[in-house]
Amino acid sequence: MATDIKDTADAVDAAAVMKLLPHQPRLLALGEPTHGEDALLDLRNDLFRQLVEQQGYRTIAIESDCMMALVVDGYVTSGKGTLDEVMERGFSHGFGASAANRELVRWTRAYNDGRPASEQVRFAGFDGPLEITGAASPRQALTALHDYLAARVNADLLPCAAQTLDHLLGADDQWTDPAAMTDPSRSAGQSAEAKELRLLADDLVTLLDAQTPHLITATSRDAWDRARLYGRTATGLLRYHFWMADTSPARMERLIGLRDSMMADNLLAVAERNPTLVYAHNSHLQRDKSTMRMWDQPPLEWWSAGALVNARMGKEYAFLATALGTMRHQGVDTPPRDTVEGLLYALPEGHYVVDATRLATALGDTPPAARVSPWFGYSPLDPAHLAGSDGIVFVKDVPGSPGS
């Protein structure tokens, strides 16, 4: 069997990835089984550089706040700000502290320097302004959308004045109270003001759509795209806050599904622009239904952003899951031989990409055992999901960061 499996593996490069696919996808998704490991991000960076230089990819979208990522995009396309400022203000979830993410931003800025806008590489975040402990205030997105429209359309068409939004939004700390994640009564999402804001946000997005020809001419396609992002984010956050105040048993499952729905909408918008490499946790990109256990609740199930995008885009979406052998600094040791990771670990190379379909054939009728992680931050590959992947990137040993 080991020989058969070895025949399915190639070095991780753009040519090997494209060989797995019937044609170049508009969205090529590369998943990771854990966050915060620069060895995995370095591999992503190498692949992205090759996709840009050899395959014409022009955007990278990562699992980071879509609004904060505008800071990064402004820097890599026009040099606005400094690299230190961008790493501090342009990433959520602590991702700005990563040396590999810093190198990605530095390389992208250097690549774009002196190139016309049509040839530049863009940066996008596709997560909402959300953390596992709560959600941002809708103020930034909602007021930015209103400002964009107020400067360019007849004032009589606006559903309200900026002062009305400010009054209804109130203090931002009522929206960002971390206690609301576990105590729905602390959420402001179903207040009378929040419900009125949802209606006004819907009216503003509708006005944006109705004025599309004028707005693109009066500003630019990029500016209009950014306004659409404001609209998606404002309506998504208001919806998320509404359901944070819910007390039904489906509350957490609904919230996690809403997050991935926001992710999917952002990815579909990015795909309209140009070919994109998407990078996020496997659970947000896989075609199969995702599951997660939180606190003492039963496992949550939801359709990931990848599953939602795949349903819309079909063959224009491709997904590579990343699996790993060891991560000893987190207590993840050599995988059992009867797991997918154990079988792949027996190969001599340090990392490679595997044809998932051929691997499933080589494994035969006896499915591998599911690996169990001793550390909550790492999610092993589910052998039942092999058929839902176009390929698997396998990293044999993930070293710890210096000092870990």
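Residues numbered from 1 in each chain as written. Predicted model: local features only at pLDDT ≥ 70, side-chain atom pairs only at ≥ 80, totals over all residues. Heavy atoms only, no water.

- The name given to the chain in an unreviewed UniProt entry is Erythromycin esterase, with Streptomyces chryseus as the source organism.

**Considering the overall build of the chain**
Turning to step 1, where the next piece is worked out: Along its length, the chain carries 17 helices and 12 strands.
Turning to step 2, where the next piece is worked out: Relative to a compact globule of 404 residues, whose C-alpha radius of gyration would be 22 Å, the chain shows 22 Å and is just as compact.
Turning to step 3, where the next piece is worked out: Taken along the three principal axes of its C-alpha coordinates, the chain extends 70 × 55 × 40 Å.
Turning to step 4, where the next piece is worked out: By residue count, 53% of the 404 residues in the chain fall in the buried class.
Turning to step 5, where the next piece is worked out: Of the contacts made within the chain by residues no fewer than 6 positions apart, 77% connect residues no fewer than 24 positions apart.
Turning to step 6, where the next piece is worked out: Entry remark: accessible area of the chain is about 17,700 Å², with carbon and sulfur atoms responsible for 51%.
Turning to step 7, where the next piece is worked out: In the chain, 37 positive and 53 negative side-chain charges are present, and the distance between their average locations comes to 3 Å. (Helix = DSSP H or I, 4+ residues; strand = E, 2+ residues; numbered from the N terminus. Rg over C-alpha atoms; globule rule 2.2 N^0.38 Å. Buried < 20%, exposed > 50% of the residue type's maximum accessible area, 1.4 Å probe, protein only. Contact = heavy atoms within 4.5 Å. Areas by Shrake-Rupley, 256 points an atom, 1.4 Å probe, with all protein chains shown as cover. Lys, Arg positive; Asp, Glu negative; His and termini not counted. Charge placed at Lys NZ, Arg CZ, Asp CG, Glu CD.)

**What to know about the pairing of strand β11 (residues 351-355)**
Turning to step 1, where the next piece is worked out: In terms of residue burial, β11 counts as a mostly covered element, since 4 of its 5 residues are buried.
Turning to step 2, where the next piece is worked out: Where strand β1 (residues 9-10) lies against β11, 2 bridges are found, and the strand directions are antiparallel. If you follow A9 over to β11, its bridge partner there is V354.
Turning to step 3, where the next piece is worked out: Strand direction decides the pairing type here: β11 and strand β12 (residues 391-397), joined by 5 bridges, are antiparallel. By the bridge assignment, V354 is partnered in β12 with I392. (Pairing = 2+ DSSP bridges.)

**With respect to helix α6 (residues 99-112)**
Turning to step 1, where the next piece is worked out: Between the first and last C-alpha of α6 there are 20 Å, a value that for 14 residues agrees with the 20 Å anticipated at 1.5 Å per step.
Turning to step 2, where the next piece is worked out: Taken as a whole, α6 has its buried residues at A100, N101, L104, V105, W107, T108, R109, Y111 and N112.
Turning to step 3, where the next piece is worked out: Buried positions along α6 lie against α3 (38-55), β3 (59-65), α4 (69-78), α5 (83-89) and β4 (122-127).
Turning to step 4, where the next piece is worked out: G114, located one to two residues past α6, shows a positive phi value of around 85 degrees. (Expected span 1.5 Å × (residues − 1).)

**Topic: the environment of L255**
Turning to step 1, where the next piece is worked out: Structurally, L255 can be placed in helix α13 (residues 251-273).
Turning to step 2, where the next piece is worked out: Judged by relative accessible area, L255 falls into the buried class, the value being 0%.

**Thoughts on the pattern of salt bridges**
Turning to step 1, where the next piece is worked out: Here the structure, examined in full by the defined rule, presents 18 salt bridges.
Turning to step 2, where the next piece is worked out: The network of salt bridges with shared partners includes R221, D225, R228 and E272. (Salt bridge = Lys/Arg side-chain N within 4 Å of Asp/Glu carboxyl O.)

**A short note on the sheet that holds strand β2 (residues 27-32)**
Turning to step 1, where the next piece is worked out: Taking strand neighbours across the sheet as the criterion, the 8 strands line up as β1-β11-β12-β10-β2-β7-β3-β4 in an open arrangement whose pairing is mixed. Each edge of the open sheet is held by one strand with a lone partner, namely β1 and β4.

**A closer look at the environment of L324**
Turning to step 1, where the next piece is worked out: Positionally, L324 belongs in strand β10 (residues 317-326).
Turning to step 2, where the next piece is worked out: L324 gets classed as buried once you look at its relative accessible area, which sits at 0%.
Turning to step 3, where the next piece is worked out: Among residues more than four places away in sequence, those in contact with L324 are P33, T34, V332, E341, R371, Y378, F394, V395 and V398.

**A short note on unusual backbone geometry**
Turning to step 1, where the next piece is worked out: Phi is positive for H93, which is not a glycine, with a value near 60 degrees.
Turning to step 2, where the next piece is worked out: With respect to the helices, strands and loops of the structure, H93 is situated in the loop between α5 and α6.

**Let's talk about helix α8 (residues 162-169)**
Turning to step 1, where the next piece is worked out: Among all positions in α8, only L165, L168 and L169 are buried. Buried residues of α8 fall within an arc of 100 degrees about the axis and therefore sit on the same side. Away from the buried face of α8 by more than 90 degrees, exposed residues Q163 and H167 are located.
Turning to step 2, where the next piece is worked out: Buried residues along α8 sit against α7 (139-150), α9 (173-176) and α10 (192-210). (Arc of directions from axis to C-beta.)

**Examining the packing of α7 against helix α12 (residues 221-244)**
Turning to step 1, where the next piece is worked out: Two elements in contact, α7 and α12, have axes whose closest approach is 8 Å; the angle formed by their N-to-C orientations is 140 degrees. Taken together, the axes of α7 and α12 are oblique relative to one another. The two elements α7 and α12 cross, and the hand of that crossing is left-handed. Residues A141, L142, A144, L145 and Y148 of α7 form the contact with α12, whose own contacting residues are A223, W224, A227, Y230, G231, T233 and A234.
Turning to step 2, where the next piece is worked out: Grouping the amino acids of the contact of α7 with α12 by side-chain chemistry returns 10 nonpolar, 2 polar and no charged. (Axes fitted to C-alpha atoms, helices over the stretch in contact; angles between N-to-C directions. Parallel < 35°, antiparallel > 145°, perpendicular 65-115°, else oblique. Left-handed = near helix turned anticlockwise from the far one by under 90°. Nonpolar A, V, L, I, M, F, W, Y, C, P; charged D, E, K, R; others polar.)

**Notes on the side chain of S304**
Turning to step 1, where the next piece is worked out: By secondary structure assignment, the location of S304 is in the loop between β9 (300-302) and α15 (305-313).
Turning to step 2, where the next piece is worked out: Within the structure, S304 has its side chain in polar contact with the backbone nitrogen of G306 (distance 3.3 Å). (Polar contact = N/O pair within 3.5 Å; in protein donor to acceptor, adjacent residues only side chain to side chain.)

**Brief notes about the nonpolar core**
Turning to step 1, where the next piece is worked out: Counting 48 residues, the largest nonpolar core has L28, F48, L51, F91, V105 and F123 as its most contacted members.
Turning to step 2, where the next piece is worked out: For this core, the leading source of residues is α3, giving 7 residues.
Turning to step 3, where the next piece is worked out: Not counting chain neighbours up to four residues away, the residues in contact with F48 comprise T59, I60, L104, W107, V121 and L277.
Turning to step 4, where the next piece is worked out: Among the nonpolar cores identified, the runner-up in size contains 36 residues, and A271, V340, Y345 and Y352 belong to it. (Core = buried A, V, L, I, M, F, W, Y, C linked by side-chain atoms within 4.5 Å.)

**Structural notes on the pairing of β2**
Turning to step 1, where the next piece is worked out: Burial analysis of β2 places 6 of its 6 residues in the buried class, which makes it a mostly covered element.
Turning to step 2, where the next piece is worked out: Residues of β2 alternate between two faces, with L27, A29 and G31 on one and L28, L30 and E32 on the opposite face, all of them buried.
Turning to step 3, where the next piece is worked out: Where β2 lies against β10, 4 bridges are found, and the strand directions are parallel. Of the residues in β10, the one forming a bridge with L28 is A318.

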